[in-house]
Amino acid sequence: MSDNEHEVSVTVSEARISGYGSGGVETVISVEEVVKQVEAIADGPDQARIDALAGPDPYLSIEHLKAGYGKMQILHDFSLKVGKGQSCCLIGPNGAGKSTVLHSIFGFTNIFSGKVDVGGQDVTHYSSNEKLKNAGIAYILQDKSVFGGMTVEENLWMGGYLKETTAEAKEAAEKIFEKYPRLAARRNHQAKVLSGGERRLLEISRALVMEPEVLLVDEPSIGLEPRFIDMVFEILDDLQRVEGKTILMVEQNAKKGLEFADIGYVLVSGQTAMAGTGEELLANPEVGRLFLGG
Ligand SMILES: Nc1ncnc2c1ncn2[C@@H]1O[C@H](COP(=O)(O)OP(=O)(O)OP(=O)(O)O)[C@@H](O)[C@H]1O
């Protein structure tokens, strides 16, 4: 079976089930829309457009990646570039492979071919620990990844598990407490008693203990009340604009994600259907119809 035949069968069996519009409200996508999505892949962005979006010196670069789980290939010749200090949001229907892109960068998938480059290092086959320690890549999990029975402080120390000494991990944790007094006020509380927003702040902070340059953020708004969603995006905005972190995010709330991001990619069946600035994708009628609730 050729690559193309494989793509079509995956799209028809999965993408027709659902997509998510603004605010994570599920909407059904008809077979006609699935066909349009498949056609969109054929007209996917050219390499020149992907290069232009990231600027002349991309910090994170994925080239022609084929990756998946076991023998199952999910990403098909996927390429992406993000400049230093830029933010990029991946949107697309359920099962399109958005989280798999993050998993592949962080070392959770089988990479069949292609390349992942960060800060000039070829990190394609680094272990996850090497990616975090040597290449400054941190992965922030979707949800519920705090250690509930441990205190906030102990959770931060856990984030420093790759530091040379415990003292260094504790020192890095103190810097986090200086930055986020809201967490400092809870330092001796068990993580399980935190509010949803505080838990997400702790998840982000725990990743910051290793002082990464690249943040892979999986669904930052998932399961949060609207007021906490705004808070989390403000934190990410500060990390990008003030601290210069490079951010690659997957977000079901496409409107929020594209409003935040400098660059957006629409993934369908493990391939890029569209790429543009966040503003361009927000204004695109097809994106609006399929992912922004009309
Ligand atoms: N750990 C895993 N092992 C095996 N298959 C997986 C694993 N994680 C994801 N998959 C499969 O890979 C495909 C892509 O999943 P992925 O989570 O990357 O999609 P997604 O676009 O992020 O979807 P969603 O928006 O629903 O989170 C799906 O068919 C999924 O079932």
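Thresholds applied
- Every chain is numbered independently, its residues counted from 1 as its sequence is written.
- Only residues with pLDDT of 70 or above have their local features reported here, since the model is predicted, and side-chain atom pairs are shown and tallied only from 80 upward, although totals for entire chains, interfaces and linings are computed over all residues.
- Pairing between two strands requires that DSSP report at least two bridges joining them.
- Under the DSSP-based scheme used, a helix requires at least four consecutive residues in state H or I and a strand at least two consecutive residues in state E, with every element numbered from the N terminus.
- Orientation is described by axes fitted as lines to C-alpha atoms, over the contacting stretch for helices, and by angles from 0 to 180 degrees between their N-to-C directions.
- By definition, residue pairs are in contact when their C-beta atoms, positioned from the backbone, come within 7 Å.
- Three classes are used. A residue is buried when 20 or more other C-beta atoms lie within 10 Å of its own, exposed when 12 or fewer do, and partly exposed in between, with C-beta atoms placed from the backbone.
- What marks off one domain from the next here is an automatic or database domain assignment.
- For classification, angles of less than 35 degrees are called roughly parallel, those exceeding 145 degrees roughly antiparallel, those between 65 and 115 degrees roughly perpendicular, and all remaining angles oblique.
- Crossings are assigned a handedness: left-handed for a near helix turned anticlockwise from the far helix by less than a right angle, right-handed for a clockwise turn.
- Only Asp, Glu, Lys and Arg are considered charged in this grouping, and only Ala, Val, Leu, Ile, Met, Phe, Trp, Tyr, Cys and Pro are considered nonpolar; every other residue, Gly among them, is considered polar.

Colleague: Please clarify how the sheet that holds strand β8 (residues 137–140) should be interpreted in this entry.
Modeller: Two orientations exist for strands paired in a sheet by backbone hydrogen bonds: parallel and antiparallel. Taken together, the six strands give an open sheet; going across it, the order is β8-β9-β10-β5-β11-β12, and neighbouring strands pair in mixed fashion. For this open sheet the edge positions go to β8 and β12 (271–277), each flanked by a neighbour on one side alone. Each strand axis lies, on average, 15 degrees off the axis of its neighbour in the sheet, ignoring direction. Of the strand pairs in this sheet, strand β5 (residues 87–91) and strand β10 (residues 246–250) are connected by four bridges, and their pairing is parallel. Opposite Cys-89, over in β10, you have Met-249 as the bridge partner. Along the sheet face, helix α4 (residues 98–106) touches β5, β8, β9 (214–218), β10 and β11 (263–268) and points at about 145 degrees away from the line of β9.

Colleague: What is the right way to read the environment of Phe-112 from this model?
Modeller: Structurally, the position occupied by Phe-112 is in strand β6 (residues 110–118). With 12 C-beta atoms packed within 10 Å, Phe-112 lands in the exposed category. The sequence separation of Phe-112 and Ser-61 amounts to 51 residues, and the corresponding C-alpha distance is 17 Å. Setting aside residues up to four positions removed in sequence, Phe-112 forms contacts with Lys-66, Ala-67 and Gln-73.

Colleague: Where do I start with the domain arrangement of the protein chain in this structure?
Modeller: It is common to give the size of an interface as the accessible area that goes away when the parts come together. Per the domain assignment, the segments making up the protein chain are domain 1 (3–146 + 195–291) and domain 2 (149–193). Between domain 1 and domain 2, the residue contacts involve 15 residues of the former and 16 residues of the latter. Listing elements by their share of the side of domain 1 that touches domain 2, those giving two or more residues are α5 (128–135) and α9 (196–208). The greatest single-element share of the side of domain 1 that touches domain 2, amounting to eight residues, is contributed by α9.

Colleague: What exactly am I supposed to notice about the packing of helix α6 (residues 152–159) against helix α7 (residues 166–179) here?
Modeller: How two helices sit against one another is set out by the angle between their axes and by the gap between those axes. Look at α6 against α7: their axes get within 8 Å of each other, and the N-to-C directions meet at 120 degrees. The orientation of α6 relative to α7 falls into the category oblique. Crossing of α6 over α7 shows right-handed handedness. Within the contact between the two elements, α6 uses Glu-153, Leu-156 and Trp-157 and α7 uses Ala-169, Lys-170, Ala-173 and Ile-176. Looking at the contact of α6 with α7 residue by residue, the class counts come to five nonpolar, no polar and two charged.

Colleague: Just checking my understanding: could you explain unusual backbone geometry for this structure?
Modeller: Glycine aside, residues mostly have negative phi, and peptide bonds are mostly found in the trans state. Despite not being glycine, Glu-211 shows a phi value in the positive range, around 50 degrees. For Glu-211, the position within the fold is in the loop between α9 and β9. One non-glycine residue, Glu-219, lies in the positive phi region at around 55 degrees. Mapping Glu-219 onto the fold places it in the loop between β9 and α10 (226–241).

Colleague: Help me understand the environment of Glu-153 in this model?
Modeller: With respect to the helices, strands and loops of the structure, Glu-153 is situated in helix α6. Taking the C-alpha atoms as reference points, Glu-153 and Phe-177, 24 residues apart in sequence, are found 8.9 Å from one another. Discounting residues that sit within four places of it in the chain, Glu-153 has contacts with Ala-173, Arg-187 and Asn-188.

Colleague: Any chance you could explain the packing of α9 against α10 here in plain terms?
Modeller: Contact pair α9 / α10: the axes reach a minimum separation of 9 Å and the direction vectors enclose 20 degrees. By the angle between their axes, α9 is roughly parallel relative to α10. Read as a crossing pair, α9 and α10 show a hand that is right-handed. On the side of α9, the interface is formed by Gly-196, Gly-197, Arg-200, Leu-201 and Ile-204, while α10 contributes Phe-228, Met-231, Val-232 and Ile-235. Residues that form the contact of α9 with α10 fall into these classes: six nonpolar, two polar and one charged.

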